[in-house]
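Listed below, chain by chain, are the residues.
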Amino acid sequence: MRALARIIAQRSGGIMANFVVVGAGQAGFSLVETLRKQGHDGPITLIGSEPQPPYQRPPLSKAYLLGDMGVERLFFRPEAFYAEHDITLQRGVAVTAIDTAMRRVNLADGSHVSYDKLALTTGASPRHLPASIGGDLAGVYAMRSLADADAIAPEFRQGARLLIVGGGYIGLEAAAVAAKKGLKVTLIEAAPRILQRVAAAETSDYVRTLHTSHGVDIRENCGLERLIGTDGKVTSAVLADGTRLDVDFVIIGIGISPDTALAADAGLTIDNGIACDAACRTSDPRIYAAGDCASFPHQGKRMRLESVGNAIDMAEAAARAMLGQDITYQPKPWFWSDQYDCKLQIAGLSTGYDHIATRKGEGDGISFWYFAGDKLLAVDAMNDPRAYMVGKRLIESGATATPAEVTDPATDLKALLKR
Ligand code: FAD
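Residues numbered from 1 in each chain as written. Predicted model: local features only at pLDDT ≥ 70, side-chain atom pairs only at ≥ 80, totals over all residues. Heavy atoms only, no water.

Student: A description of the overall build of the chain should follow, citing residues and the corresponding values.
Tutor: Broken down by element type, the chain carries 12 helices and 26 strands. Against the globule reference of 22 Å for 419 residues, the chain gives a C-alpha radius of gyration of 23 Å, in line with a compact fold. Its C-alpha atoms give the chain principal-axis dimensions of roughly 70 × 65 × 35 Å. Among the 419 residues that make up the chain, the fraction classed as buried is 52%. Of all intrachain contacts in the chain linking residues separated by at least 6 positions in sequence, the fraction that spans at least 24 positions is 60%. (Helix = DSSP H or I, 4+ residues; strand = E, 2+ residues; numbered from the N terminus. Rg over C-alpha atoms; globule rule 2.2 N^0.38 Å. Buried < 20%, exposed > 50% of the residue type's maximum accessible area, 1.4 Å probe, protein only. Contact = heavy atoms within 4.5 Å.)

Next comes the structure, spelled out in structure tokens:
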């Protein structure tokens, strides 16, 4: 039926636009799913360079790496879903260029796909260490894709010596898995403290204690001088303070760069990612972007977020905008991290805070509330889902609570939502 409707529509002027989405990750999947849910009946093609159907990345450094989750649970939907919803999924093939004049994308296999509207959900790539300091040695891994996780997994043998470079969430999650599996883990962070870019000192302190209590050797203010190898395989690391560590393998977790090359080559504006307007539209009105690769206007600045929540919400906004709906994308930032038995949940954005209020929750729960004056900006909640939920709802509704209220154990958090 859909095919027949499409032919009729195309003959009668193409009211069912032909949508192409480049990048079959979290945002690409959410975008095509939203297009169908919103009733779009025209052709949809989702093109991804990875060989697998779209899958979720967060478990790669958590349950999947630990061996607690099978690969099939990573996929958002079984492969049959795409055919059932008349979505053409082209996987294992990269888009090499966008021809904006011809309105088509060129693929690495020499073929091309035409579009009426195009969405770029190309994500981001991990930053690598330069080859000049050993970044190209065997045994040095990044952690972004399923292929990365599958390559690292055999190295996770009890007693193996692992060096993690970078104390962000991904490095810390990998450290937790490794410690649980009985590896000897050293994590170095060049900044004065782990999580410095994203969290307050209180959260860094909590996470550091968590790791050291599990035997992870965390060294802050400690850069990497170089990696040394034997027969092309990493065997040791020289730290900036001159210390030499023998290692069996190394994981690099020093951040990511948005994948903007395709957009830049097509002449689209790049500004901390593929620059979009509030309707997720790039500088070419037929091309949209969403997820880790895209930046958008927010409170007078240009913002780019690297999280599942943003990838889903921005992709949904982009899909609606592609369908002609009037969209102003407003992010509602949230994030989580699992390390050992601690579930860390984060709501809001802490940028610009001047004060932290600490609240003890039930059991071992604790939360840190970020304020700018009396305005609540963000909450980091450890094993305290209630603090997270209340904080998130307060922030999203533009309401607040005072630091004194939050700190007072007698305060009923849920009651704050009813004021
Ligand atoms: P991606 O999921 O990276 O998808 C982009 C896709 O586009 C990729 O498959 C890529 O191969 C493809 N692509 C790129 N260029 C081309 C091209 N030219 N042609 C065809 N295909 C192309 N976020 C959280 O909120 N909580 C977490 O706990 C969390 N944990 C994480 C753990 C790990 C190990 C990683 C790597 C990320 C984690 N994240 C987490 C971040 C989250 O996974 C990302 O923010 C999210 O995946 C972004 O979705 P995306 O679609 O923008 O990008």
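Let's pick the thread back up.
Student: I'd like a rundown of the pattern of salt bridges, residues and numbers included.
Tutor: Summed over all chains, the structure comprises 16 salt bridges. Across the salt bridge formed by Arg-208 and Asp-205, the nearest N and O atoms sit 3.0 Å from each other. Taken together, the positions of Arg-208 and Asp-205, both in helix H7 (residues 201–212) and three residues apart, correspond to about one turn of that helix. Using a relative accessible area of 21% as the deciding quantity, one classes Arg-208 as partly exposed. Residue Arg-281 is joined to Asp-277 by a salt bridge in which the shortest nitrogen-to-oxygen separation is 3.0 Å. (Salt bridge = Lys/Arg side-chain N within 4 Å of Asp/Glu carboxyl O.)

Student: Outline the site of the ligand, supporting the account with residue identities and numerical values.
Tutor: Taken together, 32 residues lie near the ligand, and Ala-27, Glu-50, Lys-62, Arg-144 and Asp-292 sit nearest. Residue Ala-27 places a main-chain N or O atom 2.7 Å away from an oxygen atom belonging to the ligand. A distance of 2.9 Å is found between a nitrogen atom of the ligand and a backbone nitrogen or oxygen belonging to Val-95. Counting only elements with at least two residues in the shell around the ligand, the list comes to helix H2 (26–37), strand S2 (44–48), helix H9 (308–322) and strand S22 (334–339). Looking at the shell around the ligand residue by residue, the class counts come to 15 nonpolar, 11 polar and six charged. Taken domain by domain, the makeup of the shell around the ligand includes at least three residues from each of domain 1 (2–125 + 257–322) and domain 2 (128–254). (Near = heavy atom within 4 Å. Polar contact = N/O pair within 3.5 Å; in protein donor to acceptor, adjacent residues only side chain to side chain. Nonpolar A, V, L, I, M, F, W, Y, C, P; charged D, E, K, R; others polar. Domains from an automatic or database assignment.)

Student: Quick rundown of the side chain of Arg-304? Include the residues and the values.
Tutor: Tracing the backbone through its elements, the reader meets Arg-304 in the loop between strand S21 (301–303) and H9. The exposure class of Arg-304 is buried, given its relative accessible area of 16%. In terms of polar contacts, Arg-304 uses its side chain to reach the backbone carbonyl oxygen of Asp-292, at 2.7 Å. For Arg-304, the side chain forms a polar contact with the side chain of Glu-306, separated by 2.8 Å.

Student: Account for the packing of aromatic side chains, with residues named and values stated.
Tutor: Considering all chains together, one arrives at 10 aromatic pairs under this definition. Summarising the aromatic geometry, the rings of Phe-29 and Phe-81 are spaced 6.0 Å apart at their centres and angled 50° between planes, so their arrangement reads as tilted. With Phe-29 in helix H2 and Phe-81 in helix H4 (residues 80–84), this pair connects stretches of sequence that are 52 residues apart. Classification of Phe-81 by relative accessible area gives buried; the value is 9%. When the centroid spacing of 5.1 Å and the interplanar angle of 75° are considered together, the rings of Phe-296 and Tyr-329 count as edge-to-face. One end of the pair, Phe-296, is in strand S20 (residues 294–298); the other, Tyr-329, is in the loop between H9 and S22, and 33 residues separate them in sequence. Each member of the pair, Phe-296 together with Tyr-329, is buried. (Phe/Tyr/Trp six-rings, centres within 6.5 Å; stacked < 30°, edge-to-face > 60°.)

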